[in-house]
Amino acid sequence: MMLVAVTALLKKDLLIEWRKKHTFFGVMLYVAATVFVINLMNGQAEASMWNVLFWITQLFVAINSVAKSFLQESEERFRYYYTITTPQAFMLAKLIYSVGLQLIMSLITLLLFHILLGSPLENNLLFTALAALGGTSLSIVFTFLSAIAAKAQQNASLMAILGFPIVAPILLILSRLALKTMNTVVVNGWWGLFMVLILLNILIIGLSLILFPFLWKE
Amino acid sequence: MRLRWWKLLSIVLVFYTLYFGLMGEVPSKDILNETIRNLYYHVPMWFCMILLFAYAFAYAIRYLSSNNIQYDLKSAAFNKVGIVFSVLGMVTGMEWATYTWGEPWSNDPKQLGTALCMLIYFAYLVLRNGIKDDEKRAKISAVYTIFAFSLMIPLIFVLPRMVDSLHPGNGGNPGFNAYDLDNRMRMIFYPAVIGWFLLGKWISELKYRTDILHYKKLYNE
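Residues numbered from 1 in each chain as written. Chains lettered and ligands numbered in written order. Predicted model: local features only at pLDDT ≥ 70, side-chain atom pairs only at ≥ 80, totals over all residues.

## A closer look at the overall build of chain A
To keep things clear, this is the line we draw: Working definition: helices are DSSP H or I runs of at least four residues, strands are E runs of at least two. Numbering for both runs from the N terminus. For this measure, only C-alpha atoms enter the radius of gyration; the expected value for a globule follows 2.2 Å times N^0.38, where N is the number of residues. To assign burial, the other C-beta atoms lying within 10 Å of each residue's own C-beta are counted, with C-beta atoms placed from the backbone; 20 or more indicates buried, 12 or fewer indicates exposed, and intermediate counts indicate partly exposed. Our contact criterion uses C-beta atoms placed from the backbone: two residues qualify when those atoms are within 7 Å.
Each helix and strand counted, chain A has 9 helices and 0 strands in total. Taken from N to C terminus, the helices and strands of chain A fall in the order α-α-α-α-α-α-α-α-α. For 218 residues, the compact-globule estimate of 2.2 N^0.38 gives 17 Å, and the C-alpha radius of gyration of chain A, at 18 Å, lies within 12% of that figure. Projecting the C-alpha coordinates of chain A onto the three principal axes gives extents of approximately 55 × 40 × 30 Å. Per-residue burial for chain A yields a buried fraction of 39% across its 218 residues. Of the contacts formed within chain A by residues at least 6 apart in sequence, a portion of 84% connects residues at least 24 apart.

Right, dumping it as structure tokens:
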């Protein structure tokens, strides 16, 4: 039952995305322009700088791409969804959808970084995995916060204000984890940090599913 | 005047802390010297802040399960006073760090964790003040309070322990427990924590009572 609802909602989101292609390509252009500007300002970056720039770019891309997940829905449409589905299914569909979208964006960002800013990494595979994990973490945080911002009838800037302090430690962990993929830096307690990140993700998903029904009711 | 026993206790304990915190004997240690007395003022601020946020968290849950606006106002009052205590804790900590670490801000993980915590709760104020409708504001702030508090716990308890800290008791620095004269300090430290916390709770309740008066005035007249 839940699965049917989630797939139906996902299909609906994909359809909307397809019909409003300009927003998708808009975000892509945003990514490309950001990386290009970094390239113009800094040229080929050294490893540690590359790492920092990558995660900052990810953050801004996440805010731009995920923000619309709830903010694009109108009040009336929420009321319609309310009559046909459960809040958990709705939230889950939104989470899966924004994670998917963010994964695509992360990979595009990573590719552009390699092309325009050089590739100072030793372990490309691990970094790609970390980029995917980081994209997932960022998108689930911002999906829930965009639900809050949408319900508060506010814009994406409120979402960013609410989100920055929460994602700051996530970005810190990610950039530390990523150090392992560069030259010969030894990162103490790598697996510990990795587990903390995974647990944080699970916690945020759990909280989103528990708390969203309260936001949903008018 | 509703003067309950715990309010009296808070007055007594805070004055006890103020007097004996400055006059009592403390172990003389290198670098720390007399700044060790900050233990009575700085550390209780954190305990107090966390307890006040925990109260706010509990009231937020009660609000969501009952939809009673009283709990929302209580939760907000505790959060706001908690923010005041976090600022006090930060200021006393930075003052102390100026004399012991040589600079007020040194990116210590605990400092960072707390700064992020403060940002999260400042964002709460922005969120809460941005919503006009009472019921919607109550609901959204309760949801955000629960979200923020649940994420704050790993933030300030787990993360700093994963990286070295300059704080006493971390990263090879001796903690206060290591000193033999500690018992004498403990006699002041524990009452200090209780006293400051009760004071914080008292202020929060006063805040709540003025808020509920405003609220009633707005709707009953």
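## Looking at the overall build of chain B
A count of helical and extended segments in chain B gives 6 helices and 0 strands. Here chain B holds 221 residues, and the buried ones make up 40% of them. When contacts within chain B are restricted to residue pairs at least 6 apart in sequence, those whose partners lie at least 24 apart make up 75%.

## Things to note about the confidence of the model for chain B
The predicted coordinates ought not to be read in detail in places where the model reports low pLDDT. For clarity, the threshold we go by: Confidence of the prediction at every residue is given by pLDDT, a number between 0 and 100.
Across chain B, the average pLDDT comes to 81, with 83% of residues at 70 or higher. The ipTM assigned to the predicted complex is 0.85, against a pTM of 0.85.

## So, helix α7 (residues 124–151) of chain A
Residues and elements named next belong to chain A. Heads up, the condition is: Every helix has an expected span of 1.5 Å times one less than the residues it contains.
Compared with the 40 Å implied by 1.5 Å per residue over 28 residues, the 40 Å span of α7 between its first and last C-alpha is a close match. The element α7 is extensively covered by neighbouring structure, given that 21 of its 28 residues are classed as buried. One or two positions beyond α7, positive phi appears at glutamine 153, with a value near 50°.

## Remarks on the packing of α7 of chain A against helix α8 (residues 156–178) of chain A
Residue and element names in this part refer to chain A. Which entries qualify depends on this criterion: Here the axes come from fitting lines to C-alpha atoms, over the contacting stretch only for helices, and the angles between their N-to-C directions go from 0 to 180 degrees. In these notes the angle categories are as follows: under 35 degrees is roughly parallel, over 145 is roughly antiparallel, 65 to 115 is roughly perpendicular, and the rest is oblique. By the definition used in this description, the sense in which the near helix is turned from the far one sets the handedness, with an anticlockwise turn below a right angle giving left-handed and a clockwise turn giving right-handed. Charged residues are taken to be Asp, Glu, Lys and Arg, nonpolar residues to be Ala, Val, Leu, Ile, Met, Phe, Trp, Tyr, Cys and Pro, and polar residues to be all remaining types, Gly included.
The geometry of α7 relative to α8 is characterised by a closest axis approach of 9 Å and an angle of 160° between their N-to-C directions. By the angle between their directions, the pair α7 and α8 is classed as roughly antiparallel. Every pair of crossing elements has a handedness; the one defined by α7 and α8 is right-handed. Residues Phe127, Leu130, Gly134, Ser137, Leu138, Val141, Phe142, Leu145, Ser146, Ile148 and Ala149 of α7 touch α8, and the partners they reach there are Ala156, Leu158, Met159, Leu162, Gly163, Ile166, Val167, Ile170, Leu174, Leu177 and Ala178. Taken together, the residues that form the contact of α7 with α8 break down as 18 nonpolar, 4 polar and no charged.

## With respect to the interface of chain B and chain A
Tallying the contact residues gives 22 residues for chain B and 22 residues for chain A. Broken down by secondary-structure element, the contributors of at least two residues to the side of chain B that touches chain A are α4 (109–129) and α5 (134–162) of chain B. Considering every element that reaches the side of chain B that touches chain A, the biggest residue donor is α5 of chain B, with 13 residues. Classifying every residue of the side of chain B that touches chain A by side-chain character gives 19 nonpolar, 2 polar and 1 charged.

## Considering helix α2 (residues 42–66) of chain B
Its 25 residues give α2 of chain B an end-to-end C-alpha distance of 36 Å, which sits within 8% of 36 Å, the value for a rise of 1.5 Å per residue. Phi turns positive, to about 60°, at asparagine 67 of chain B, one or two residues after α2 of chain B.

## Looking at the nonpolar core
Applicable threshold: One nonpolar core equals one set of buried Ala, Val, Leu, Ile, Met, Phe, Trp, Tyr and Cys residues connected by C-beta atoms within 7 Å.
Counting 114 residues, the largest nonpolar core has Val141, Phe142 and Ile148 of chain A together with Leu52, Ile120, Val143 and Ala148 of chain B as the members making the most contacts within it. Considering every element that reaches this core, the biggest residue donor is α2 of chain B, with 14 residues. Contacts of isoleucine 120 of chain B, omitting those with residues within four sequence positions, involve Pro165 and Ile166 of chain A together with Ala148 and Met152 of chain B.

## A closer look at the packing of helix α3 (residues 47–66) of chain A against helix α6 (residues 87–117) of chain A
Between two packed helices, what matters for the description is the angle formed by their axes and the separation of those axes. All names here are of chain A. At a minimum axis distance of 10 Å, the contact between α3 and α6 shows a crossing angle of 145°. At the point where α3 passes α6, the crossing takes the right-handed sense. Within the contact between the two elements, α3 uses Trp50, Phe54, Thr57, Gln58, Val61, Ala62, Ser65 and Val66 and α6 uses Ser98, Leu101, Gln102, Met105, Ser106, Thr109, Phe113 and Leu117. Across the contact of α3 with α6, the residue classes tally to 9 nonpolar, 7 polar and no charged.

## Concerning the environment of alanine 148 of chain B
Residues and elements named next belong to chain B. Tracing the sequence through the fold places alanine 148 in helix α5. Between the C-alpha atoms of alanine 148 and tyrosine 19, which are 129 residues apart in sequence, the distance is 37 Å. In this structure alanine 148 touches Ile120, Tyr121 and Tyr124, once residues within four positions along its chain are discounted.

## A look at the environment of threonine 34 of chain A
Tracing the chain through its elements places threonine 34 of chain A in helix α2 (residues 21–42). Excluding residues within four positions of it along the chain, threonine 34 of chain A makes contact with Thr57 and Phe60 of chain A.

## Focus: the environment of leucine 155 of chain B
Among the secondary structure elements, leucine 155 of chain B is positioned in helix α5. The spacing of leucine 155 of chain B and glycine 113 of chain B is 42 residues in sequence and 6.1 Å in space, taken between C-alpha atoms. When residues no more than four places from it in sequence are discounted, the contact partners of leucine 155 of chain B are Pro169 of chain A together with Gly113, Leu116 and Cys117 of chain B.

## Overview of unusual backbone geometry
Residue and element names in this part refer to chain B. At asparagine 67, a residue that is not glycine, the phi angle is positive and equals roughly 60°. Structurally, asparagine 67 can be placed in the loop between α2 and α3 (69–100). Looking at asparagine 67, the number of C-beta atoms within 10 Å reads 15, which means it is partly exposed.

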